[in-house]
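Inside the fold
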Amino acid sequence: MLDALAITRTETHCPYCALQCGMTLERGGDGHFTVQSRDFPTNKGGMCRKGWTAGSLLTHPERLTTPMLRDAKGAALRPASWDEALDRIVDGIRLLQGMHGRDSIAVFGGGGLTNEKAYLLGKFARVVLGTAHIDYNGRFCMASAATAGLRAFGMDRGLPFPLDDIPGAEAVLIAGGNPAETMPPIMQYFEAQRDRGGKLIVSDPRRTATAKLADLHLQLTPGTDASLANGLLHVAVRDKLIDPHFIATRTTGWDAVRRTVASYWPDRVERETGVPALQIERAAHMLGEAATAIILSGRGAEQQSQGVQNALAFINLALALGQAGRMHCGWGCLTGQGNGQGGREHGQKNDQLPGYRQLANPRHRAEVAAVWGVPPESLPQPGLPAVGILDALGREGGIQGLLLMACNLLLSAPDTATLAQRLSDLPLFVACDQFLGETSSLADIVLPVTQWAEESGTMTNLEGRVLHRRQAVEPPPGVRSDLDIMADLAARLGHGRHIPSSDPEQVFDELRRASSGGPADYAGISLGRIDREQGVFWPCPDESGDDHRRPYLTRFAHEDGRARFHAVQRRTSAEEPDANYPLYLTTGRVLSHYQTGAQTRRVPELAAAEPEAFAEIHPDTARLAGIVQGSMALLTTRRGKARFKARLTPDIRRDTIFVPFHWGGASNANLLTNDAVDPVSKIPEYKICAVHLAPA
Ligand SMILES: Nc1nc2c(c(=O)[nH]1)N[C@H]1C(S)=C(S)[C@@H](COP(=O)(O)OP(=O)(O)OC[C@H]3O[C@@H](n4cnc5c(=O)[nH]c(N)nc54)[C@H](O)[C@@H]3O)O[C@H]1N2
Ligand SMILES: Nc1nc2c(c(=O)[nH]1)N[C@H]1C(S)=C(S)[C@@H](COP(=O)(O)OP(=O)(O)OC[C@H]3O[C@@H](n4cnc5c(=O)[nH]c(N)nc54)[C@H](O)[C@@H]3O)O[C@H]1N2
Ligand code: SF4
Ligand SMILES: [Mo]
């Protein structure tokens, strides 16, 4: 009886991006869910259309509610019991590890997983499976910013300040980010900043919704970010805008950077970046004359084969101007996925142990091994990064079995032309998801999991604020949580004592102990405290002590307390346009869809708002290629072909085409992209490759 259903209201957070907007989820008497705004300190009542419409995910008819498996390669998936599915997985793991060794099984996680899941997945891989190979989709996302932050500041807290510091910055530079579409409620901070007379600068090859709000738009050629940053710093040195006292007292390594940027004259940088020298000088003065300035990095500057260098070049600028480690100042990155920050701290990275510890560090190994009750030498050494795992699938001596949790690889990994075949041929492929998607439908065994408001957990937002995402509803019958799956598999593999509980609160308590003493220390963060204080910032070693909103005010996290400069030379991208592929292709996001669209393409309002894949093309470029508004364009790169509806706009550079990666099939952007990676962060070069444009 419908009216027998109680109306409930639960304060929770959005299922999607790293802003993790606070929302109230109301279940009406008819069993449907509506989202109401909530005055949480980050979104202050604001949300984007993805958040507003998220309730329909909870009653979606395509929801997976029973495990599925196939009896042989090529056979169709059929429903199965949990016992049958889990036993099949255990048999497969035992067989493959017996034949090919422990490292023949790999684990692939996601930045959308709660802290508890990310933590337990790392432990599951190292202790239960004993494999070195675990990595996650954050490698596609935050890896360059994380590496740069660690090198420069000694710690990777994406934003080392709360969003509330933004309005107090006299100047803000957003390097390669489009938050007006990727995090709309955050725009209130930039609006407040501008209302107070602050200046906003945006660097992006497209005149995006964000760039349109800016005082200055630097419309650079894709892949030239390091040159731009060096050029800005060159002008700052030349015009005496730098802060010698800050450089002398709080940094090391300036001389090499000063010498490097000396040759980045504005006219050279104009040639390399396409940004007029006058604009470079104006931007340098806006930043250099401001008493307080913030530089924010987005994926545009980071998802490149020189992503780390780009981020370091902008950090150099912030440090030289003395715009870091003070109130309303600093360099930070706009973390993307729901738990893109927490998910990169507690062990699902190939080289990492909980609390942002390093797997290769003997002391760190001993500390975590003690909490886990295992000998330190039993922990594997660092394994392959994400792209390395995908390359090794099915190869002799490579990966023979894959456990995938919370990633739709077929649409999100770079250069995916052969990935579907390799996943289908893999001796054992297990996927955990809420929906049967492009990737999970290739698996041998698919496990249906609880989503978002059907379970509780903690998430760490882009500010480093640990939040409590509360359960608002019972999951559908037949569905289990990722935590439960790990605990059950551990028991079946004879490691039950290592994962004694799948209760999120108990797993969080263990995470707190395992992170204690590490850089990302959660020991003092209890759920009660999160609820009382509307989130708690890490590091927070002690429950009665303060949390650390602004960890760098007196010292940076390196042992000597100083930030490090890194001299950076501009490099060319891995693939530049040539006679056959004469244009740049870049990829990214639009407002209405989230990532591979696995969730948002299933929300009717969002599917209606942005129903199909498109390519943004400059009208002059389109005319030369014989393409008109709304016609189908065929994009070809050295790796593949894909078709997109032409959307002509003067807001994009003439030499550049932009496509979102939210759609699959013949419009899968990643059939085109280059899997060249940054040598250090191993992030793929999603933002630049060479493309040919023709009518389809
Ligand atoms: N609507 C929506 N919001 C999201 C997501 C989503 O899928 N949809 N995903 C979330 C996630 S996981 C992430 S990581 C964030 C990403 O958030 P953003 O970084 O804001 O998003 P992107 O669209 O990937 O890239 C930003 C901009 O980089 C520009 N760009 C391309 N090439 C270059 C270049 O060479 N240099 C520079 N400077 N800029 C370049 C693109 O034109 C684009 O406008 O968004 C989060 N929020
Ligand atoms: N060309 C191009 N490609 C890109 C990018 C780009 O800019 N350009 N950006 C990259 C970036 S920044 C990112 S973050 C990646 C994102 O790439 P993906 O992670 O592949 O994208 P999602 O659509 O978020 O896929 C998440 C999957 O996990 C499921 N899921 C959600 N929550 C859970 C959970 O709690 N448990 C389980 N088991 N499953 C869950 C969803 O249903 C969905 O199928 O894409 C990368 N790929
Ligand atoms: S997708 Fe991001 S910006 Fe939009 S409502 Fe959710 S958390 Fe907020
Ligand atoms: Mo991301």
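The shown structure was predicted, so the numbers you read here are calculated from the model rather than taken from an experiment. (Residues numbered from 1 in each chain as written. Chains lettered and ligands numbered in written order. Predicted model: local features only at pLDDT ≥ 70, side-chain atom pairs only at ≥ 80, totals over all residues. Heavy atoms only, no water.)

**A look at the overall build of the chain**
- Looking only at helices and strands, one finds 23 helices and 30 strands in the chain.
- Computed over its C-alpha atoms, the radius of gyration of the chain comes to 24 Å, within 12% of the 26 Å expected for a compact globule of 696 residues.
- By its C-alpha atoms, the chain is 70 × 65 × 60 Å across when sized along the principal axes.
- Counting all 696 residues of the chain, 65% fall into the buried class.
- Of the contacts made within the chain by residues no fewer than 6 positions apart, 73% connect residues no fewer than 24 positions apart.
- On the chain, roughly 23,400 Å² of surface is accessible, and the fraction owed to carbon and sulfur atoms is 52%.
- Counting 73 positive and 77 negative side-chain charges, the chain places the averaged centre of each group 3 Å from the other. (Helix = DSSP H or I, 4+ residues; strand = E, 2+ residues; numbered from the N terminus. Rg over C-alpha atoms; globule rule 2.2 N^0.38 Å. Buried < 20%, exposed > 50% of the residue type's maximum accessible area, 1.4 Å probe, protein only. Contact = heavy atoms within 4.5 Å. Areas by Shrake-Rupley, 256 points an atom, 1.4 Å probe, with all protein chains shown as cover. Lys, Arg positive; Asp, Glu negative; His and termini not counted. Charge placed at Lys NZ, Arg CZ, Asp CG, Glu CD.)

**Things to note about the packing of helix H8 (residues 225-238) against helix H12 (residues 277-289)**
- Put simply, H8 and H12 touch, their axes get as near as 9 Å, and they point 65° apart. When the axes of H8 and H12 are compared, the pair comes out roughly perpendicular. The way H8 lies across H12 gives a crossing that is right-handed. Two secondary-structure elements touch here, H8 through Leu228, Gly231, Leu232, Val235, Ala236 and Arg238 and H12 through Ile280, Glu281, Ala283, Ala284 and His285.
- Of the residues that constitute the contact of H8 with H12, the class distribution is 7 nonpolar, 2 polar and 2 charged. (Axes fitted to C-alpha atoms, helices over the stretch in contact; angles between N-to-C directions. Parallel < 35°, antiparallel > 145°, perpendicular 65-115°, else oblique. Left-handed = near helix turned anticlockwise from the far one by under 90°. Nonpolar A, V, L, I, M, F, W, Y, C, P; charged D, E, K, R; others polar.)

**Points about the sheet that holds strand S12 (residues 293-297)**
- Strand order across the open sheet formed by 5 strands is S10-S9-S8-S12-S13, with parallel pairing between neighbours. Only two strands of the sheet have a single partner each, and these edge strands are strand S10 (216-218) and strand S13 (330-333). Across this sheet, the average inter-strand angle for adjacent strands is 15°, counted without regard to direction.
- Both S12 and S13 contribute to a ladder of 4 bridges, which runs parallel. Bridged to Ile295 within S13 is Trp331. (Pairing = 2+ DSSP bridges.)

**So, the packing of aromatic side chains**
- Evaluation of the coordinates by the stated rule reveals 10 aromatic pairs.
- When the centroid spacing of 6.2 Å and the interplanar angle of 35° are considered together, the rings of Phe153 and Trp331 count as tilted. Residue Phe153 is found in helix H4 (residues 143-153), and its partner Trp331 is found in strand S13; the two are separated by 178 residues along the sequence.
- Ring plane angle 65° and centroid distance 6.4 Å describe the contact between Phe614 and Trp663, whose orientation is recorded as edge-to-face. Separated by 49 residues along the polypeptide, Phe614 in strand S24 (residues 614-617) and Trp663 in the loop between strand S27 (656-660) and strand S28 (674-677) bring together distant segments of the chain.
- Classification of Phe614 as buried rests on a relative accessible area of 2%.
- A relative accessible area of 8% places Trp663 in the buried class. (Phe/Tyr/Trp six-rings, centres within 6.5 Å; stacked < 30°, edge-to-face > 60°.)

**So, the site of ligand 2**
- Around ligand 2, 27 residues are found, and the nearest of them are Asn137, Asn408, Ser412, Asp433 and Thr596.
- For ligand 2, an oxygen atom lies 2.7 Å from a polar atom in the side chain of Ser412.
- Here a nitrogen atom of ligand 2 sits 2.9 Å away from a polar atom, N or O, in the side chain of Asn670.
- Expressed as a share of its isolated accessible area of 930 Å², the protein-covered part of ligand 2 is 95%.
- Of the residues belonging to the shell around ligand 2, the class tally is 11 nonpolar, 11 polar and 5 charged.
- Residue assignment places the shell around ligand 2 across two domains, with domain 2 (68-140 + 339-503) and domain 4 (583-695) each supplying three or more. (Near = heavy atom within 4 Å. Polar contact = N/O pair within 3.5 Å; in protein donor to acceptor, adjacent residues only side chain to side chain. Domains from an automatic or database assignment.)

**So, the environment of Glu181**
- Turning to its location among the elements, Glu181 is positioned in helix H5 (residues 179-182).
- In this structure Glu181 touches Lys50, Ala209, Val590 and Leu591, once residues within four positions along its chain are discounted.
- A distance of 2.8 Å separates the side chain of Glu181 from the backbone nitrogen of Leu591, its partner in a polar contact.

**Re the domain arrangement of the chain**
- Taken as a whole, the chain is organised into domain 1 (8-59), domain 2 (68-140 + 339-503), domain 3 (143-332) and domain 4 (583-695).
- Averaged C-alpha coordinates put domain 1 and domain 3 at centres separated by 33 Å.
- Tallying the contact residues gives 12 residues for domain 1 and 10 residues for domain 3.
- Overall, the association of domain 1 and domain 3 removes approximately 700 Å² of surface from exposure, summing both partners, and the carbon and sulfur fraction of that is 64%. (Buried area = accessible area lost by both parts, 1.4 Å probe.)

**Here we look at the side chain of Lys117**
- When you line up the elements, Lys117 lands in helix H3 (residues 115-129).
- Judged by relative accessible area, which is 5%, Lys117 ranks as buried.
- A polar contact is formed between the side chain of Lys117 and the side chain of Glu455, at a distance of 2.7 Å.
- Dropping the residues within four chain positions of it, Lys117 is found in contact with Thr450, Glu455, Asp482, Leu483 and Met486.

**Examining the site of ligand 3**
- All residues adjacent to ligand 3 are Cys14, Tyr16, Cys17, Gln20, Cys21, Met47, Cys48, Lys50, Gly51 and Pro185.
- Tallied by class, residues from the shell around ligand 3 come to 7 nonpolar, 2 polar and 1 charged.

**Some details on the pairing of strand S30 (residues 689-695)**
- Of all 7 residues making up S30, 5 are buried, and the element is well covered by its neighbours.
- Sheet analysis places strand S23 (residues 583-588) next to S30, joined by 3 bridges and oriented antiparallel. Looking at the pairing, Tyr584 lines up with Ala690 of S30.
- Inspection of the sheet shows strand S25 (residues 632-636) paired to S30 by 4 bridges, in the antiparallel sense. Pairing of Thr636 across the sheet is with His692, part of S30.

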